[in-house]
Amino acid sequence: LFEEGLEGARARLGGYHRNVIDGAERDGDGTFEVRSPIDAEILVGTFARGIRDDVQDAIAAARRAQPAWFHLGWERRLAILRNAAELISERLMEYAGVMAYEVGKTRMEALGEVEEVADLIRYYAKTAEDNAYYDHEMDNLGDPAVHTRSILRPHGVFAVISPFNFPMALSAGPSAAALMAGNAVVFKPASVSALTGVILAEVYRDAGVPDGVFNLVMGPGSTVGEELQENPGIDGIVFTGSYDVG
């Protein structure tokens with residue numbers, strides 16, 4: 001099965017991939033290449049290099065799309081993200097093959113990480129359901145006229161900046177959690193694992209995440225990352241590693 005998945009992964013190699021903003025693909029300011037660490041002759045892909053304007057447009061799109069995503073209701077959001085988990089499991093072999101080429105993981109490591117992503121999403125969804133989506137009545141301090149509840153509410157728009165070493169787990173985990181809570185996301189993958197970032201955007205789209213709710217902007221930290229850090233339209237940042245957020 002993995003050999004069959006590798007055929008699908010090879011078919012993806014060498015392609016050109018654009019940023020995705022408000023559901024539309026967009027070219028960048030030039031391109032950058034990613035080559036495989038297992039063989040520098042293998043071109044993983046060519047990717048649109050995003051700039052600050054792209055990030056600004058992605059944030060604006062996310063802010064427009066977020067209220068409707070939240071008001072869709074948590075049950076529907078969980079159903080969509082569970083669809084994403086199922087698609088990831090169905091495409092396990094191909095996605096693991098892509099990861100093996102792109103970041104040099106062994107077969108077992110790549111398979112384990114991709115299925116871990118599906119498991120994380122399922123776990124988050126089940127935990128949310130088991131806790132009544134974190135809507136709980138609290139003590140009224142003995143006053144029957146007081147009604148106090150603890151309710152989970154979204155912040156708005158989250159930036160998710162992922163590393164190269166666990167390119168799918170550390171991008172899908174944070175983004176799925178943010179999406180489940182009703183936030184919209186602007187996602188910047190590590191440049192050396194940009195194809196895995198493209199795959200994540202593909203999964204969310206195919207699962208039914210609406211346009212603008214999840215936006216992909218690829219490019220260097222000096223432009224894309226800095227804009228995500230500095231833009232006041234970002235309500236929270238999730239990142240892994242040594243990225244300086246001030």
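Conventions used here
Residues numbered from 1 in each chain as written. Predicted model: local features only at pLDDT ≥ 70, side-chain atom pairs only at ≥ 80, totals over all residues. Heavy atoms only, no water. Helix = DSSP H or I, 4+ residues; strand = E, 2+ residues; numbered from the N terminus. Buried < 20%, exposed > 50% of the residue type's maximum accessible area, 1.4 Å probe, protein only. Areas by Shrake-Rupley, 256 points an atom, 1.4 Å probe, with all protein chains shown as cover. Lys, Arg positive; Asp, Glu negative; His and termini not counted. Charge placed at Lys NZ, Arg CZ, Asp CG, Glu CD. Salt bridge = Lys/Arg side-chain N within 4 Å of Asp/Glu carboxyl O. Core = buried A, V, L, I, M, F, W, Y, C linked by side-chain atoms within 4.5 Å. Contact = heavy atoms within 4.5 Å. Expected span 1.5 Å × (residues − 1). Polar contact = N/O pair within 3.5 Å; in protein donor to acceptor, adjacent residues only side chain to side chain. Axes fitted to C-alpha atoms, helices over the stretch in contact; angles between N-to-C directions. Parallel < 35°, antiparallel > 145°, perpendicular 65-115°, else oblique. Left-handed = near helix turned anticlockwise from the far one by under 90°. Nonpolar A, V, L, I, M, F, W, Y, C, P; charged D, E, K, R; others polar.

Caption draft 1: Inspection of the overall build of the protein at higher detail. In terms of regular secondary structure, the protein is built from eight helices and eleven strands. Reported as C-alpha extents along the three principal axes, the dimensions of the protein are approximately 70 × 40 × 30 Å. Buried positions account for 47% of the 246 residues belonging to the protein. By element, 52% of the accessible surface of the protein is carried by carbon and sulfur atoms, the whole surface being about 11200 Å². Here the protein contributes 21 positive and 37 negative side-chain charges, whose respective centroids are spaced 2 Å apart.

Caption draft 2: How the structure looks around the pattern of salt bridges. Enumeration over the complete set of coordinates arrives at 23 salt bridges. The partner of Glu 7 in a salt bridge is Arg 10, with the nearest N and O atoms 2.4 Å apart. Note that Glu 7 and Arg 10 are positioned in helix α1 (residues 2-12) at a spacing of three residues, about one turn of the helix. Two residues, Arg 52 and Glu 227, come together in a salt bridge whose shortest N-O distance is 2.7 Å. With a gap of 175 residues between them, Arg 52 in helix α2 (residues 52-71) and Glu 227 in helix α8 (residues 221-230) connect regions that are remote in the sequence. By relative accessible area, which is 7% here, Glu 227 ends up buried. When salt bridges with common partners are traced through the structure, they connect Arg 12, Arg 91, Glu 94, Glu 202, Arg 205 and Asp 206 into a single cluster.

Caption draft 3: Spotlight on the nonpolar core. One finds Tyr 204 and Phe 214 to be the most contacted residues of the largest nonpolar core, which totals 58 residues. By residue number, the principal contributor to this core is helix α7 (residues 194-207), which donates nine residues. Contact partners of Phe 214, with chain neighbours within four places excluded, come to Ser 175, Leu 179, Val 185, Phe 187, Leu 200, Ala 201, Tyr 204 and Val 209. Ala 159, Ile 161, Ala 184 and Val 186 belong to the second largest nonpolar core, which has 15 residues in total.

Caption draft 4: Here's a closer look at helix α3 (residues 74-90). With 17 residues, α3 extends 24 Å from end C-alpha to end C-alpha; this agrees with the ideal 24 Å at 1.5 Å per step. Those residues of α3 not exposed but buried are Arg 77, Leu 78, Ile 80, Leu 81, Ala 84, Ala 85, Leu 87 and Ile 88. Next to the buried residues of α3 lie α2, α4 (92-103), α5 (107-130), α6 (169-180) and α7.

Caption draft 5: Looking closely at unusual backbone geometry. One non-glycine residue, Tyr 134, lies in positive phi territory at about 60°. Judged by relative accessible area, Tyr 134 falls into the partly exposed class, the value being 30%.

Caption draft 6: The arrangement of the environment of Pro 67 in detail. Within the secondary structure layout, Pro 67 lies in helix α2. Note: C-alpha distance between Pro 67 and Gly 156 (89 residues apart in sequence) is 8.1 Å.

Caption draft 7: How the structure looks around the side chain of Lys 188. With respect to the helices and strands, the residue Lys 188 is situated in strand β9 (residues 184-188). Within the buried core, Lys 188 has no salt-bridge partner, and the shortest N-O distance to an opposite charge, that of Glu 226, equals 10 Å. Separated by 3.0 Å, the side chain of Lys 188 and the backbone oxygen of Gly 219 make a polar contact.

Caption draft 8: Summary view of the packing of α3 against α5. Where α3 meets α5, the closest approach of the two axes is 8 Å, and the angle between their N-to-C directions is 160°. Of the possible angle classes, the one that applies to α3 and α5 is roughly antiparallel. Read as a crossing pair, α3 and α5 show a hand that is left-handed. Touching Trp 74, Leu 78, Leu 81, Arg 82, Ala 85, Glu 86, Ile 88 and Ser 89 of α3 are Val 114, Glu 115, Val 117, Ala 118, Ile 121, Arg 122, Ala 125, Lys 126, Ala 128 and Glu 129, all from α5. Class assignment of the residues belonging to the contact of α3 with α5 gives a composition of eleven nonpolar, one polar and six charged.

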